Amino acid sequence: MMMTTQDRTRLPAPMAIRSDRQRVLRAGFIPLVDASVLIAASEFGFAAKEGLTLELVKDVSWANVRDRLAFRQFDIAHMLSPMPVASMLALGSNPSPTITPFSLGRGGNAITLSVKLFERMRDVAEITEDADAFTNATALAKTIDQMKARGEPLLTFGVTYPFSSHNYEFRYWLAAGGIDPDRDVKLVVVPPPLTSDALEAGAIDGFCVGAPWNMIASERGVGRIVAAKQDIWPSAPEKVIAMRPEWAATQPDTVSRLIVALDAAARWCDLSENHDALAEALADQRFIAAPVEIIRRVLAGEFSLDAKGNRRVIPDYFKFHRDFANYPKPGHALWIYSQMIRWGQVPYGDTALAAAAGTYRPDLYRQALGTGPAGEDITTEGVENGDHFLDGHVFDPTDMPSYIDNFAVSAEKPAGSDRRKA
Amino acid sequence: MATMNSDLTILVIDENTIRASIIEEGLTEAGHSNVTVIHEVQGVARIIETLKPDVIIIDIENPNRDMMEHLFQLTRTVSRPIAMFVDRSDTALIESAMDAGVSAYVVDGLKKERVKSILDMAVSRFNAFSRLQRELAEARSALEERKVIERAKGILMKIRGLSEEQAFALLRQTAMNEKKKMSEIAQSVVTAARLLM
């Protein structure tokens, strides 16, 4: 059972008095492939099996999703993982307490540069067509040096939101190559569906965004994919299911049912034999409204890097369920916090650290599913095989100041502040 | 009244030029003289920097709201803007604003009664605009219906040699018999004629 409200401004007011057994949940989402688990839960009977009805509401901006969740027009929402963390840290223009008991999986992002810029990088740095993400970043650094020497204007790159995995991943990639994202380039926000048009029009020179928008740009021959999320950090948190903590507290049974439904949907999304059906559903006007063929290839991780036929297959481009991809690991929230500090969005402090970690609620996940990964919730990240950071750094959440200080490129510390002190 | 409100700087961002001017008019009527209206977000950063607006009103369906969030994060030009609402407990205003499709940014620290009147006004103007649009759409479809009935009448007159009145009566009678709208019957006559002639 699925209802999509096209006329979003005409949503009926939510019930004033809610029973503690709410069975119809209004869920906001942004048209992206990483909303798959939520959409599949609604479209393929997983929510219904738990006695829940999901009313999916497509929205146009993350700011709207945040505000509609805060002001109770949504019960739950598809959100960028840094958004609840930002809310708990009182960042942004409408910080309202938000938690997540369920991550929607890993992967899906990539960095795309204009074909023109990539050609120039090849000229300047003599990189091959199949250069890796790190080599591409250093090639971009060399190109930027040349542009600076010639007095050319700064390159402009698009991300999706100030508190987004895209912002932090783009910055991570740039900085790994030796580029200061606040001085050497200009970062702007471009709504995902507009990215490839903006690239074609020359309004931006590159972007970091979720699927399917990178592949849409490369298929159109306007963009060249130079890095995927897997290259930057395979475990990097992506989208989550967000909710208000007070709603979760009054609806424990519903939250459990929701997690069970999402878990089953995520398991289903992971199986490649279901990808045709999933792609078909996602391509619909009510959801992503993009060509089904591209979505199918995105799900398979078959990347067209450009329109010339250069390809790359990323086996786990999307990980919807495997390896506890849905587990809301507080250590991941802390990594998000570390990047917020690194780029000067928030100072370091013990209270903030606890607030950031508390955004992720593994207790709700374990309560619903009776399972979870072995090991601690806060561990050293980037050490395991196949889970390294692009620049080889290791994240130790227990010594965040050192972690941040060890980056060659980061925002200047606010005057008089010491990251080692709260 | 005019002097009381005139010191607030208001920026209206709306891609819909008609709605924007309806809001502008409302603000001017309420005594606000420092009102700037822009229709596209291109270059909005510089405008905000120079204008330093106390209140920004933006259509909730504008995907560039995320761009605004970024702007507030980057620059300190707008000091601590709050999305939408000065008073979080005013749920009635919040709901009516969201229903109307209004979103707004307000500089923190402004007295809520000063901003509330602006938001109330924006909400009622947004609603008035939606009403206008609805009425326009209705008028347009009424006109279309009349046109198709005229065409069907002409076809019937020509093919069956009826007078205008007889043609009209035939359409009306058929519509009654089939429990359909006259415009629907007229449309099928037009379609049938296109297929057969």
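Note that the structure is a prediction, hence the values are computed from the model and not measured.

### Regarding the overall build of chain B
A count of helical and extended segments in chain B gives 8 helices and 5 strands. Listing each helix as α and each strand as β along chain B from the N terminus yields α-β-α-β-α-β-α-β-α-β-α-α-α. Taken over C-alpha atoms, the radius of gyration comes to 26 Å for chain B, far larger than the 16 Å a tight globule of 197 residues would show. Taken along the three principal axes of its C-alpha coordinates, chain B extends 75 × 30 × 30 Å. Burial statistics for chain B: of 197 residues in total, 35% are counted as buried. Counting only contacts in chain B whose residues sit at least 6 apart along the sequence, the fraction spanning at least 24 positions is 67%.

### Side note on the overall build of chain A
For chain A, the helix and strand inventory stands at 18 helices and 15 strands. Relative to the 2.2 N^0.38 estimate, which gives 22 Å for 422 residues, the radius of gyration of chain A is 21 Å and therefore close to what a compact globule would have. By its C-alpha atoms, chain A is 65 × 50 × 40 Å across when sized along the principal axes. The buried share among the 422 residues of chain A stands at 55%.

### Re the domain arrangement of chain A
Residues and elements named next belong to chain A. Segmentation of chain A into domains returns domain 1 (2–105 + 238–299 + 323–369) and domain 2 (109–235 + 305–313). Look at where the C-alpha atoms of domain 1 and domain 2 centre, and you get two points 27 Å apart. On the domain 2 side, the residues contacting the 22 residues of domain 1 number 16 residues. Listing elements by their share of the side of domain 1 that touches domain 2, those giving two or more residues are α4 (82–88) and α14 (292–300).

### Quick look at the interface of chain A and chain B
Counting residues at the interface gives 20 residues for chain A and 22 residues for chain B. Among the elements that take part in the side of chain A that touches chain B, helix α3 (residues 62–70) of chain A stands out by supplying 4 residues, more than any other. Considered class by class, the residues forming the side of chain A that touches chain B number 9 nonpolar, 9 polar and 2 charged.

### Observations regarding the confidence of the model for chain B
Looking at chain B as a whole, its pLDDT mean stands at 85, while 92% of the residues score no less than 70. Both scores are given for the predicted complex: the pTM is 0.86, the ipTM 0.85.

### Let's talk about the domain arrangement of chain B
Considered domain by domain, chain B is made up of domain 1 (2–135) and domain 2 (139–196). Using C-alpha coordinates to define each centre, domain 1 of chain B is positioned 48 Å away from domain 2 of chain B.

### A few points about helix α7 (residues 164–177) of chain B
An ideal rise of 1.5 Å per residue puts 20 Å on 14 residues; α7 of chain B measures up with 20 Å between its terminal C-alpha atoms. Following α7 of chain B by one or two positions, Lys179 of chain B has its phi on the positive side, about 55°.

### What to know about the pairing of strand β3 (residues 55–59) of chain B
Successive residues of a regular strand alternate their side chains across the two faces of the sheet. Residue and element names in this part refer to chain B. Within β3, 5 of the 5 residues are buried, which leaves the element mostly enclosed by the surrounding structure. Along β3, one buried face is formed by Val55, Ile57 and Asp59 and the opposite face, lined by Ile56 and Ile58, is buried too. Examined bridge by bridge, strand β1 (residues 10–13) and β3 share 4 bridges and lie parallel to one another. Residue Val12 lies in a different strand from β3, and its bridge partner there is Ile57. When β3 meets strand β5 (residues 102–107), the two strands line up antiparallel, connected through 5 bridges. In the sheet register, Asp59 faces β5, and the bridge partner there is Val102.

### Thoughts on the packing of helix α6 (residues 112–160) of chain B against α7 of chain B
Residue and element names in this part refer to chain B. Interaxial distance between α6 and α7 falls to 9 Å at its minimum, and their mutual angle equals 115°. Here α6 and α7 pass one another in a crossing that is right-handed. In contact with Ile149, Ala152, Lys153, Leu156 and Met157 of α6, α7 contributes Glu164, Ala167, Phe168, Leu170 and Leu171. Grouping the amino acids of the contact of α6 with α7 by side-chain chemistry returns 8 nonpolar, no polar and 2 charged.

### A word on the sheet that holds β5 of chain B
Pairing between the strands of a sheet comes from backbone hydrogen bonds, and it takes one of two forms, parallel or antiparallel. All names here are of chain B. The strand order across the open sheet formed by 5 strands is β2-β1-β3-β5-β4, and the pairing between neighbours is mixed. Both edges of this open sheet fall to β2 (35–38) and β4 (81–83), since each of them pairs with a single strand only. Here the average twist between neighbouring strands, direction ignored, is 20°. Sheet analysis places β4 next to β5, joined by 3 bridges and oriented antiparallel. Across the sheet, residue Ile82 finds its bridge partner in β5, namely Val106.

### What to know about α6 of chain B
Over its 49 residues, α6 of chain B extends 71 Å from the first C-alpha to the last, a length consistent with the 72 Å expected when each residue adds 1.5 Å. Where α6 of chain B ends, the next residue or the one after it, Gly161 of chain B, has phi of about 65°, a positive value.

### A short note on the nonpolar core
A general feature of soluble globular proteins is that nonpolar side chains tend to end up buried together. Counting residues in each nonpolar core, the largest one holds 177 residues, and the members touching the most others are Trp173 and Ala265 of chain A together with Ala104 of chain B. At 10 residues, helix α12 (residues 252–270) of chain A tops the list of elements feeding residues into this core. Not counting residues within four places of it along the chain, the set of residues in contact with Ala104 of chain B comprises Val55, Ile56, Ile57, Ile58, Met84, Leu119 and Ala122 of chain B. Core analysis: the second largest hydrophobic core is formed by 8 residues, Val148, Ala152, Ala167 and Ala186 of chain B among them.

### Overview of the sheet that holds strand β10 (residues 206–210) of chain A
Residue and element names in this part refer to chain A. Taken in spatial order, the 5 strands of this open sheet run β9-β8-β10-β7-β11, and their pairing is mixed. The two strands at the open ends of the sheet, each matched to only one other strand, are β9 (185–189) and β11 (223–228). Adjacent strand axes in the sheet meet at a mean angle of 25° when their direction is disregarded. Pairing between strand β7 (residues 109–114) and β10: 5 bridges, direction antiparallel. Paired with Thr112 across the bridge in β10 is Phe207. Sheet strands in contact with helix α5 (residues 115–125) are β7, β10 and β11, and its direction is about 80° off that of β7. This element, helix α7 (residues 165–176), spans β7, β8 (155–159), β9, β10 and β11 of the sheet and lies at about 60° to β7.

What counts, and at which threshold
- Residues numbered from 1 in each chain as written.
- Chains lettered and ligands numbered in written order.
- Predicted model: local features only at pLDDT ≥ 70, side-chain atom pairs only at ≥ 80, totals over all residues.
- Helix = DSSP H or I, 4+ residues; strand = E, 2+ residues; numbered from the N terminus.
- Rg over C-alpha atoms; globule rule 2.2 N^0.38 Å.
- Buried ≥ 20, exposed ≤ 12 C-beta atoms within 10 Å, placed from the backbone.
- Contact = placed C-beta atoms within 7 Å.
- Domains from an automatic or database assignment.
- Nonpolar A, V, L, I, M, F, W, Y, C, P; charged D, E, K, R; others polar.
- pLDDT = per-residue confidence, 0-100.
- Expected span 1.5 Å × (residues − 1).
- Pairing = 2+ DSSP bridges.
- Axes fitted to C-alpha atoms, helices over the stretch in contact; angles between N-to-C directions.
- Left-handed = near helix turned anticlockwise from the far one by under 90°.
- Core = buried A, V, L, I, M, F, W, Y, C linked by C-beta atoms within 7 Å.

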